[in-house]
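Structural description and commentary
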Amino acid sequence: SGHRSASGILIFSYFGYLKEVSFYYNELIKQMQQTKKSNQGGYTIMGVYAITGASSGIGAKTKELLLQKGHEVINIDLKDGDICANLATPEGRQTAVDKLHELHPEGLDGMICNAGVSGACGNLELIISLNYFGTVAVAKGVYDLLQKKHGSCVVTVSNTISQGAGRKDKIGRA
């Protein structure tokens, strides 16, 4: 579901699996196009979107779909990204944010925070560092770039950790 923050940036959260990416993508694009139309006199323009974790899975499919629509997409990932950064570390998060500011000082139309690991990895520190702090730090770090586009969007993608898979009492138990 989506809601608009006090500054006008659309915040859209998604929980699901790859088979549901078409619904997720269609909802995202619908929300972004409505925002763009209202801010651009009724017509839709192509945008610049950054996606964390777009080298595989939901992120890769989202990147593919955005590119098919003619948008520019920046993949921020540990491997094979346009910006290679370890978002599980403060230094990696800052590298990603700095590079986005360098590449697009004019602003971003959307930030899709998709990078994450599953609770099944068994490493609670990694799960929290990447899935939570990585998402929050990148979204906050590019907030000024999103504001520049007047109607930009933040999308967050979560995984089974939100259903208790990362509980300390469950990790590592057979």
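These lines cover the structure that appears in this document, whether it is placed above or below.

Calculation criteria
Residues numbered from 1 in each chain as written. Predicted model: local features only at pLDDT ≥ 70, side-chain atom pairs only at ≥ 80, totals over all residues. Heavy atoms only, no water. Helix = DSSP H or I, 4+ residues; strand = E, 2+ residues; numbered from the N terminus. Buried < 20%, exposed > 50% of the residue type's maximum accessible area, 1.4 Å probe, protein only. Contact = heavy atoms within 4.5 Å. Areas by Shrake-Rupley, 256 points an atom, 1.4 Å probe, with all protein chains shown as cover. Right-handed = clockwise from strand over helix to strand, strands pointing away. Pairing = 2+ DSSP bridges. Expected span 1.5 Å × (residues − 1). Bend = angle between axes of the 7 residues up to and from the residue. Polar contact = N/O pair within 3.5 Å; in protein donor to acceptor, adjacent residues only side chain to side chain. Patch = residues over 30% accessible without salt bridge, like charges linked within 9 Å, V, L, I, M, F, W, Y side chains within 5 Å. Salt bridge = Lys/Arg side-chain N within 4 Å of Asp/Glu carboxyl O. Core = buried A, V, L, I, M, F, W, Y, C linked by side-chain atoms within 4.5 Å.

1. A few points about the overall build of the chain
The helix and strand inventory of the chain stands at 5 helices and 7 strands. When the helices and strands of the chain are listed from N to C terminus, the series reads β-β-α-β-α-β-β-α-β-α-α-β. Going through the 174 residues of the chain one by one, you find that 45% of them count as buried. Within the chain, counting contacts between residues at least 6 apart in sequence, those at least 24 apart form 66% of the total. Per element, the accessible surface of the chain, about 8900 Å² overall, is 53% carbon and sulfur.

2. A closer look at the pairing of strand β3 (residues 48-52)
The element β3 is extensively covered by neighbouring structure, given that 5 of its 5 residues are classed as buried. Alternating residues of β3 divide into V48, A50 and T52 and Y49 and I51, and every residue in both groups is buried. Of the crossover connections in this fold, the one passing from β3 over helix α2 (residues 57-68) to the parallel strand β4 (residues 72-77) is right-handed. Judged from the 4 bridges that link them, β3 and strand β6 (residues 110-113) form a sheet pairing that is parallel. For I51, the partnering residue across the bridge sits in β6 and is I112.

3. Focus on helix α4 (residues 124-141)
For α4, built from 18 residues, the straight-helix expectation of 26 Å at 1.5 Å per residue is met to within 8% by its first-to-last C-alpha distance of 24 Å. Within α4, the axis deviates most sharply at F133, by approximately 35 degrees. Listed in full, the buried residues belonging to α4 are L124, I127, S129, L130, N131, G134, T135, V138 and A139. The inward-facing, buried residues of α4 contact β3, α3 (90-103), β6, α5 (143-147) and β7 (153-158). Structurally, the start of α4 carries an N-cap: the backbone nitrogen of E125 is 3.2 Å from a side-chain oxygen of N123.

4. Concerning a nonpolar patch on the surface
Taken together, the side chains of I128, Y132 and F133 define a hydrophobic patch exposed on the protein surface, amounting to about 300 Å² of accessible area. Looking at where I128 falls in the secondary structure, it is placed in helix α4.

5. Quick word on the nonpolar core
Among the nonpolar cores identified, the biggest contains 23 residues, and I76, L87, L100, L108 and M111 are the most heavily contacted of them. Only β3, β4, α3, β6, α4 and α5 provide two or more residues apiece to this core. Here this core gets 4 residues from one element, more than from any other, and that element is α4. Here L87 is in contact with T52, I76, G92, R93, A96, A115, S129, L130, G134 and V138, once residues within four sequence places are set aside. In this structure, A54, L66, I112 and V155 belong to the second largest nonpolar core, which totals 9 residues.

That is the geometry; function is a separate question.
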